[in-house]
Amino acid sequence: MPEFTVAIRTYNRENYLPALLERLRSQRDTENINWEIIIVDNNSTDNTAKIIQDYQRNWTQAFPLKYFFESQPGAYYARQRAIQEAQSPLIGFLDDDNLPALDWVAQAYLFAQSHPQSGAYGSQIHGTFEVPPPENFERIAGFLPIVERQQTICFNTYRAKGVLPPGAGLVIRQQAWLDCIPKYLILQGPVGQSLAAKGEDIEALIYIQKAGWEIWYNSEMHIEHYIPKTRLEKQYLQQFFQGIGRGRHHTRMLRYKRWQRPFMFFLYLINDFRRLAIHWLKYRRVMTTDIVAASEMSLLVNSLASPFYLRKR
């Protein structure tokens, strides 16, 4: 039986998959690891299926390359399908625009052996840009996500409370997911090209963390995240942060007991309004030209509206 699964969710990214598969085919120090690759095609309409079939016909590696079609659109459904189809107790998730370091599989597997209480752990994520990012991009880089901490940390500690790793480069124990995650999540993540309400990765990790599993960030695992020009344009970024903001109320309230939530609702409402007012006063004159400030404004506005958006939905 495999000991590690690399799971890739893809949607209409036929041009991205060959580079990712070649990088996985070239992984080092995996001779003593029994592992597999799973592609979950999340209802693509391009040549994704054909490309994978061509690779499978010429695949001579000891680790298998498997293909599954998930007709229900949504990042959560693709991830759930990967969990169900994986034959190993560890599932490492890569997006189709990620390129793992040549030792990513080896480092991910070794970390699980030395941290048996870890329910999930994330990677360093380095940005690879088609065009230079806008000025002050570092203020929003963590959302895209770009994560470059130099120390391995446990997110269960008080100092890191409230922080969790993103889904790209995330390894999850199958047992933790099956035991802790409800059949349906409120936040479904990207659906096709839609960025409606994001935060499905955070929602899932909160359930795992609340059940007593440790959530970690492993600085020895590295992936590159390709960010095309279109994802740095103002319209896309505003929609992207709209989706993040809309999911915030739900992930915030999940951390609290039911009797605490009414109090925390008003506390967050007041704080969100305060931050929104400060941001508008500071950047109102440059909002039309400053992409980063406009993106932050979209996040703040939609965080404030998040409780009402999710209730209506």
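Criteria and cut-off values
Residues numbered from 1 in each chain as written. Predicted model: local features only at pLDDT ≥ 70, side-chain atom pairs only at ≥ 80, totals over all residues. Heavy atoms only, no water. Salt bridge = Lys/Arg side-chain N within 4 Å of Asp/Glu carboxyl O. Helix = DSSP H or I, 4+ residues; strand = E, 2+ residues; numbered from the N terminus. Core = buried A, V, L, I, M, F, W, Y, C linked by side-chain atoms within 4.5 Å. Buried < 20%, exposed > 50% of the residue type's maximum accessible area, 1.4 Å probe, protein only. Contact = heavy atoms within 4.5 Å. Phe/Tyr/Trp six-rings, centres within 6.5 Å; stacked < 30°, edge-to-face > 60°. Lys NZ or Arg CZ within 6 Å of the ring centre and 35° of its normal.

Caption draft 1: Quick look at the pattern of salt bridges. Overall, the coordinates contain 13 salt bridges when judged by the stated rule. For the salt bridge of glutamate 36 with lysine 66, the shortest nitrogen-to-oxygen distance reads 2.7 Å. Linking glutamate 36 in strand E2 (residues 35-41) with lysine 66 in strand E3 (residues 65-69), this pair joins segments that are 30 residues apart in sequence. Beyond isolated ion pairs, a larger network of salt bridges with shared partners links Arg13, Asp96, Asp97 and Arg231.

Caption draft 2: Layout of the nonpolar core. Counting residues in each nonpolar core, the largest one holds 64 residues, and the members touching the most others are Phe4, Val6, Ile8, Ile37, Trp104, Tyr121 and Ile208. Ranked by size, the runner-up nonpolar core spans 13 residues in total, among them Ala141, Leu237, Phe241 and Val292.

Caption draft 3: Highlighting helix H3 (residues 75-85). Burial analysis of H3 places 8 of its 11 residues in the buried class, which makes it a mostly covered element. Looking at the buried residues of H3, the elements they touch are strand E1 (4-10), E2, E3, strand E4 (90-95), helix H5 (174-180) and helix H6 (200-210).

Caption draft 4: Just the packing of aromatic side chains, in detail. Applying the stated criterion to the full structure yields 15 aromatic pairs. The structure contains a cluster of three or more aromatic residues connected by ring pairs, namely Phe143, Tyr236, Phe240 and Phe241. Directly above the ring of phenylalanine 93 sits arginine 79, whose terminal nitrogen or CZ lies 4.6 Å from the centroid. For arginine 149, the ring lying beneath its charged end belongs to tyrosine 217, and the centroid distance is 5.5 Å.

Caption draft 5: Spatial organisation of the environment of glutamine 53. Mapped onto the elements, glutamine 53 comes out in helix H2 (residues 48-57). With relative accessibility at 39%, the residue glutamine 53 sits in the partly exposed group. Between the alpha carbons of glutamine 53 and lysine 66 there is a distance of 9.3 Å; along the sequence they are 13 residues apart.

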